[in-house]
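Chain and residue survey
Given next are the chains, with one letter for each unit.
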Amino acid sequence: MTESADTSEPGQREWVLAALTHFEGPLLRFASGLVGSGHAADVVQDTFLELYRADRGQVEGHLSAWLFTVCKRRAIDVVRERGRLAALEEDDGMQSPDSGPAARVERQESMSRVERALERLTERDRQVVILKFSAGLRYKEIAEVMELSASNVGFILHTAIKILREELGDAAGVLLVSKRSVS
């Protein structure tokens, strides 16, 4: 460990583990949307290493925004290192053992439609949509992560959802409603 960060603070390890338990899934989904599932775990691991090194007093009041900001910056670094944004990858390990070939094909077709629709969005708009519907952040938290105002986040989401509805038709409403009920 470096001397610049005092990680021997009592409860630091437990605090980071609690954050890991609560935020690992949403951060993985967010990072996957930015760098693909093949690199998302590394980005999230780097994010939690930064948290472990961070001054708890400076992070504690806005932990989720801090984590997503660090994750976003690390993902941007990975994208720059690779020279391009990776396509979302299908992860066969995440599929239900009960899903048959027909369900798998249908799921792949749906994911392809969603990916194509998301490609119509600007990078900023895509990140805002992922932070809202995949990570479940509130407007204020998204604003902190993206360095925008909360009202700008609302406008971006409204515009992005309109574009997604045009691309996906009725399926967009089902997708967005189901994501809201999960978060």
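For the structure, see preceding data.
The following refers to the structure shown. (Residues numbered from 1 in each chain as written. Predicted model: local features only at pLDDT ≥ 70, side-chain atom pairs only at ≥ 80, totals over all residues. Heavy atoms only, no water.)

**Regarding the overall build of the chain**
Along the chain, the regular secondary structure elements total nine helices and zero strands. Going from the N terminus to the C terminus, the chain shows its helices and strands as α-α-α-α-α-α-α-α-α. Buried residues in the chain amount to 39% of all 183 residues. Long-range contacts, defined as pairs at least 24 residues apart, comprise 67% of the intrachain contacts of the chain with a sequence gap of at least 6. Of the roughly 10,800 Å² of accessible surface on the chain, a fraction of 52% belongs to carbon and sulfur atoms. (Helix = DSSP H or I, 4+ residues; strand = E, 2+ residues; numbered from the N terminus. Buried < 20%, exposed > 50% of the residue type's maximum accessible area, 1.4 Å probe, protein only. Contact = heavy atoms within 4.5 Å. Areas by Shrake-Rupley, 256 points an atom, 1.4 Å probe, with all protein chains shown as cover.)

**Observations concerning the nonpolar core**
Counting residues in hydrophobic clusters, the biggest one holds 48 residues, and the most contacted among them are Leu 51 and Phe 68. At the level of elements, α1 (12-35), α2 (37-53), α4 (63-82), α5 (101-119), α6 (123-134), α7 (139-146) and α8 (150-168) are the ones that each hand at least two residues to this core. (Core = buried A, V, L, I, M, F, W, Y, C linked by side-chain atoms within 4.5 Å.)

**Side note on the pattern of salt bridges**
If you walk through the whole model with that rule in mind, you get eight salt bridges. A salt bridge links Arg 124 to Asp 125; the nearest nitrogen and oxygen atoms lie 3.0 Å apart. Accessibility expressed as a relative area gives 39% for Arg 124, which makes it partly exposed. (Salt bridge = Lys/Arg side-chain N within 4 Å of Asp/Glu carboxyl O.)

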